[in-house]
Amino acid sequence: DVKVTQSSRYLVKRTGEKVFLECVQDMDHENMFWYRQDPGLGLRLIYFSYDVKMKEKGDIPEGYSVSREKKERFSLILESASTNQTSMYLCASSPDRSVSTDTQYFGPGTRLTVL
Amino acid sequence: SQQGEEDPQALSIQEGENATMNCSYKTSINNLQWYRQNSGRGLVHLILIRSNEREKHSGRLRVTLDTSKKSSSLLITASRAADTASYFCATDASSNSGYALNFGKGTSLLVTP
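Residues numbered from 1 in each chain as written. Chains lettered and ligands numbered in written order. Predicted model: local features only at pLDDT ≥ 70, side-chain atom pairs only at ≥ 80, totals over all residues. Heavy atoms only, no water.

Quick notes on the layout of surface pockets
Reasoning step 1: Its volume calculated, the largest pocket comes out at about 520 Å³.
Reasoning step 2: What lines the largest pocket is a set of 26 residues, and nearest its centre among them are A:Q37, A:D38, A:P39, A:G40 and B:S86.
Reasoning step 3: Among the elements of the structure, β4 (31-38), β9 (87-94) and β11 (110-114) of chain A together with β1 (5-7), β9 (85-91) and β11 (107-112) of chain B are those that each provide at least two residues to the lining of the largest pocket.
Reasoning step 4: Looking at the lining of the largest pocket residue by residue, the classes come out as six nonpolar, 15 polar and five charged. (1 Å grid on protein atoms, 1.4 Å probe; cavity = no way out; pocket = protein on both sides within 12 Å on 5 of 7 lines; lining within 4 Å. Points joined across faces, edges and corners; volume = space filled by probe spheres on them. Helix = DSSP H or I, 4+ residues; strand = E, 2+ residues; numbered from the N terminus. Nonpolar A, V, L, I, M, F, W, Y, C, P; charged D, E, K, R; others polar.)

With respect to the nonpolar core
Reasoning step 1: One finds B:L32, B:W34, B:L74, B:I76, B:Y87 and B:L109 to be the most contacted residues of the largest nonpolar core, which totals 21 residues.
Reasoning step 2: For this core, the elements supplying multiple residues, two or more each, are β3 (19-24), β4 (31-37), β5 (43-50), β7 (61-66), β8 (71-76), β9 and β11 of chain B.
Reasoning step 3: Not counting residues within four places of it along the chain, the set of residues in contact with B:Y87 comprises B:E6, B:M21, B:Y35, B:R36, B:L46, B:L74, B:I76, B:G106, B:T107 and B:L109.
Reasoning step 4: Judged by nonpolar contacts, the second largest core, of 20 residues, contains A:L21, A:W34, A:Y64 and A:V114. (Core = buried A, V, L, I, M, F, W, Y, C linked by side-chain atoms within 4.5 Å. Buried < 20%, exposed > 50% of the residue type's maximum accessible area, 1.4 Å probe, protein only. Contact = heavy atoms within 4.5 Å.)

Concerning the pattern of salt bridges
All names here are of chain A.
Reasoning step 1: Considering all chains together, one arrives at nine salt bridges over all chains under this definition.
Reasoning step 2: The partner of D28 in a salt bridge is K71, and the shortest N-O contact between them spans 3.1 Å. Within this pair, whereas D28 is found in the loop between β3 (19-25) and β4, its partner K71 is found in the loop between β7 (64-70) and β8 (73-78), the two being separated by 43 residues in sequence.
Reasoning step 3: Using a relative accessible area of 54% as the deciding quantity, one classes D28 as exposed.
Reasoning step 4: Overall, the relative accessible area of 22% leaves K71 in the partly exposed class.
Reasoning step 5: For the salt bridge of E30 with K71, the shortest nitrogen-to-oxygen distance reads 3.1 Å. Taken as a pair, E30 in the loop between β3 and β4 and K71 in the loop between β7 and β8 lie far apart in primary sequence, 41 residues in all.
Reasoning step 6: Through salt bridges with shared partners, a single ionic network connects D28, E30 and K71. (Salt bridge = Lys/Arg side-chain N within 4 Å of Asp/Glu carboxyl O.)

Structure below.
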């Protein structure tokens, strides 16, 4: 079974802090994704990566950066956390770009609260 | 950019009844997927239907796709309390790089015993 793990289930940080959210997948997937999920807004794509050291902006990249130094690990960085970044953060991975294997596998999520 | 839109936003039924959720999208797709999310958890893939397919079954799930109407439906038959969750449709909008999926806002399903 594919396993996607996220470093924390719950996280509380203060405004202005630098925050790292880590995601690790164990199935040698090429693609990895970070979403945030907010009530009434559904899932919105922040960044994704299709290879080591490659990254692409999603729909709402402002205030975030990412790092993919190793294939299995994709980190989301909040350079200076703000209260409007309080949200559920979901990491996902998918095997490759082939249409037949577009299924995404999700981690359990990190609920971040910024005070 | 979000492309899928689920309808209804919320659905409440009793155990044993069927639940139907709909998804509409705007641009051409290669495939459409449905995911389930239990409260406070990550999403779990349920089923994928390709653009050249019209109907697909998986256990108690039945998905239809009408590309002319740009819509899909998810039917859960003989629902159980354990089916209580949010359900999302996702499309691989061909306008982007092809790697990411666009998710709708979801239908919240409540199945009462």
